[in-house]
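Okay, here's what each chain looks like letter by letter:
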Amino acid sequence: MLENLLSERGLMKIWDSSEICSSDEWEKRRSEILKLLCNEEYGFLPCTPDNLSFEVLEQDNKFCAGKVTLNKVSITAQFGNKRFSFPCWTSIPNGNKKYPFFVFINFRGDIPDKYFPTEEICDNGFAILSFCYEDVTSDDNNFSDGIAGVIYGGKDRKDNDCGKISMWSWAASRVMDYAKTLSNLDLTKAFVVGHSRLGKTALLTGALDARFACAISNDSGCSGAAITRGKRGEKIKDIYNSFPYWFCANYKKYMDNEHNLPFDQHFLLAAIAPRKVYVASAKEDLWADPDSEYLSCVAASEVYEKLGFTGFVHPDRLPNVGDVFHEGNIGYHMRDGLHYLSREDWLHFIAYLKKQFKI
Ligand code: GCU
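Every value quoted in this text rests on a predicted model; they were computed, and no experiment measured them. (Residues numbered from 1 in each chain as written. Predicted model: local features only at pLDDT ≥ 70, side-chain atom pairs only at ≥ 80, totals over all residues. Heavy atoms only, no water.)

Draft legend 1. Main features of the environment of Trp26. In this structure, Trp26 sits in helix α2 (residues 23-42). In sequence terms Trp26 and Asp186 are 160 residues apart; their C-alpha atoms lie 27 Å from each other. Here Trp26 is in contact with Ile14, Trp15, Ile33, Ala270, Ala271, Ala273, Pro274, Val303 and Leu307, once residues within four sequence places are set aside. (Helix = DSSP H or I, 4+ residues; strand = E, 2+ residues; numbered from the N terminus. Contact = heavy atoms within 4.5 Å.)

Draft legend 2. Region of interest: unusual backbone geometry. Each neighbour pair has its own omega, and for Ile111 with Pro112 the value is -10°, a cis peptide bond. Tracing the backbone through its elements, the reader meets Pro112 in the loop between β4 (99-106) and α4 (118-123). With omega at 5°, the peptide bond leading from Ala273 into Pro274 counts as cis. With respect to the secondary-structure elements, Pro274 resides in the loop between α9 (265-270) and β8 (276-282). A positive phi angle, near 75°, is found at Asp289, a position not held by glycine. Of note, Asp289 is situated in the loop between β8 and α10 (290-306). Residue Asp289 is classed as buried on the basis of its relative accessible area of 4%. (Buried < 20%, exposed > 50% of the residue type's maximum accessible area, 1.4 Å probe, protein only.)

Draft legend 3. Molecular detail of the site of the ligand. Inspection of the region around the ligand gives Ser196, Arg197, Lys200, Glu234, Ile239, Phe243, Trp246, Trp287 and His339 as its neighbouring residues. Within the side chain of Lys200, an N or O atom sits 2.9 Å from an oxygen atom of the ligand. Contacts to the ligand include Glu234, whose side-chain N or O atom sits 2.5 Å from an oxygen atom. Alone, the ligand offers 320 Å² of accessible surface; in the complex the protein occludes 81% of this. In terms of residue class, the shell around the ligand is built from 4 nonpolar, 2 polar and 3 charged. (Near = heavy atom within 4 Å. Polar contact = N/O pair within 3.5 Å; in protein donor to acceptor, adjacent residues only side chain to side chain. Areas by Shrake-Rupley, 256 points an atom, 1.4 Å probe, with all protein chains shown as cover. Nonpolar A, V, L, I, M, F, W, Y, C, P; charged D, E, K, R; others polar.)

Draft legend 4. Main features of the pattern of salt bridges. Summed over the entire model, instances satisfying the criterion amount to 23 salt bridges. Residues Arg211 and Asp177 are paired through a salt bridge, measuring 2.6 Å at the closest nitrogen-oxygen approach. Placement of Arg211 in the loop between α7 (197-208) and β7 (214-218) and of Asp177 in helix α6 (residues 164-179) is noted, with a sequence separation of 34 residues between them. With a relative accessible area of 25%, Arg211 lands in the partly exposed category. By relative accessible area, which is 16% here, Asp177 ends up buried. When the shortest N-O distance is used, the salt bridge between Lys355 and Glu327 registers 3.4 Å. Here Lys355 is found in helix α11 (residues 343-357), whereas its partner Glu327 is found in the loop between β9 (324-325) and β10 (330-335), with 28 residues between them in sequence. (Salt bridge = Lys/Arg side-chain N within 4 Å of Asp/Glu carboxyl O.)

Draft legend 5. Quick peek at the packing of α6 against α7. Interaxial distance between α6 and α7 falls to 9 Å at its minimum, and their mutual angle equals 60°. On the basis of the axis angle, α6 is oblique to α7. Considering only the axes of α6 and α7, their crossing is right-handed. Contacts from Ile165, Ser166, Trp168, Ser169, Ala172 and Ser173 in α6 reach Leu198, Lys200, Thr201, Leu204, Thr205 and Leu208 in α7. Across the contact of α6 with α7, the residue classes break down as 6 nonpolar, 5 polar and 1 charged. (Axes fitted to C-alpha atoms, helices over the stretch in contact; angles between N-to-C directions. Parallel < 35°, antiparallel > 145°, perpendicular 65-115°, else oblique. Left-handed = near helix turned anticlockwise from the far one by under 90°.)

Draft legend 6. Spatial organisation of the sheet that holds strand β1 (residues 51-62). Read from one edge to the other, the open sheet built from 10 strands follows the order β1-β2-β3-β5-β4-β6-β7-β8-β10-β9, with strand pairing classed as mixed. Unpaired on one side and paired on the other, β1 and β9 mark the two borders of the sheet. Bridge analysis of strand β2 (residues 68-79) against strand β3 (residues 82-93) gives 12 bridges, and the strand direction is antiparallel. Note that in β3 the partner of Ala77 across the bridge is Phe84. On the sheet, α6 packs against β1, β2, β3, β4, β5 (127-132) and β6 (185-195) and is oriented at approximately 60° with respect to β3. (Pairing = 2+ DSSP bridges.)

Draft legend 7. Quick look at α10. Compared with an ideal rise of 1.5 Å per residue, which puts 17 residues at 24 Å, α10 spans 26 Å between its outermost C-alpha atoms and is within 8% of the ideal. In terms of residue burial, α10 counts as a mostly covered element, since 16 of its 17 residues are buried. Phi turns positive one or two residues past the end of α10, at Gly308, with a value near 90°. (Expected span 1.5 Å × (residues − 1).)

Structure representation (C-alpha cells):
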C-alpha cells in the first residue's frame, strides 16, 4: 500500500544504486544532497568564525531539589573584528557520570519551560543544553540583528545565502562546540531537538553536523520532515509567502512547483544516515500533515537499508494515534492532540534513545 502512495506522489529515489553500498559511497552521495538542500532551500552560511569562547555567567548547583546544576553560559564567536554572543543554559545532573545530552533549540529561554520538563529529563539520566532561537537572530525579515547582522553586515543576500533556519542551526552546532569542553557529557550520545520551525532547524542541524547521533523533529511539517509532493496543509507557497526569511531566495522557485524540486524532504531525513533520526507527529496537526511526515520516514528508509542497517520499521499502512515505532534507525510516534511539544513527546524521545543507545 505505502509503495503505491509514494509512487502516486511522484517521490524521487534518493540513491540510484540498487545494491548495498559502502559508507564511502554514501558519504559522497550525502555531500551532494547537503549541497542541494543548502543551495535550493536553506542557504549556505557565508562565513565561519575564526574563534569561539565560552563564559559561565551564572550557576545554580541546587537546581531541581539539588539534583541538577543549571548554568547560564555566554557563547562568543569572533568573525574578523566583529563578535557575536548568545546565551545558552546547561542543565546537567549532579552525579559522577558522563551524561547523554540534548541540544534543545527552543522558542524561549525559560528553564523549565512549557516545551521542556527539565527535571523529568534530568531524572531520566539526560542532560539538556538549551538556547532561545531569537537570541541568535530575530524571527523576521531583519537581517541586521544578531548573527545575521554580523555575517551580512548590511550586504544583500545572494540567492543561495542562508536564511534564518540555517542561522539557528549554526547556533545549535556552536552549543555542541561548548559541550565538547565539558567533562560530564557523553559526546557519543548528543541529540538535537526542536519543535515546528525549530524541528525543521533540528533536522538541518543533524544533517550538517555529524557530531549529533540523532536528530529529533517534533511537528516540523512543511520544509521539515514532511514530503512536499502531494502534501496537504501548508505548501511551499504558503510557507515562503509568510516566512521568506527562513530560507534562501532560491526556494521561491518551487512555489506551486514542488515537482521541479531536485529532491524532497525525505532527502533531509536521509542526509542524517547512518546516524539516527526521529519524527514525531500530532494527529490534529493538519497544517504540518502527519501523513506526509510519516511517508517521508518510509521513503528515507531506503538509504539505511542500502547501507545494510534497519531503516524504518512500520506496518504497511498510514499511521494512527498511539503508533510508536522504535525498532529502527528511524524512530517515530504519533500522539493525539494539537501542534505542541508535550511531555508525552519527550517521554517517547527518551524511550527511543534509551532503547537504541542502551542508556
Ligand atoms: C507556522 C508555519 C509552520 C511552522 C509553525 C511553527 O504555522 O506555517 O511551518 O512550523 O509556524 O513554527 O510553529
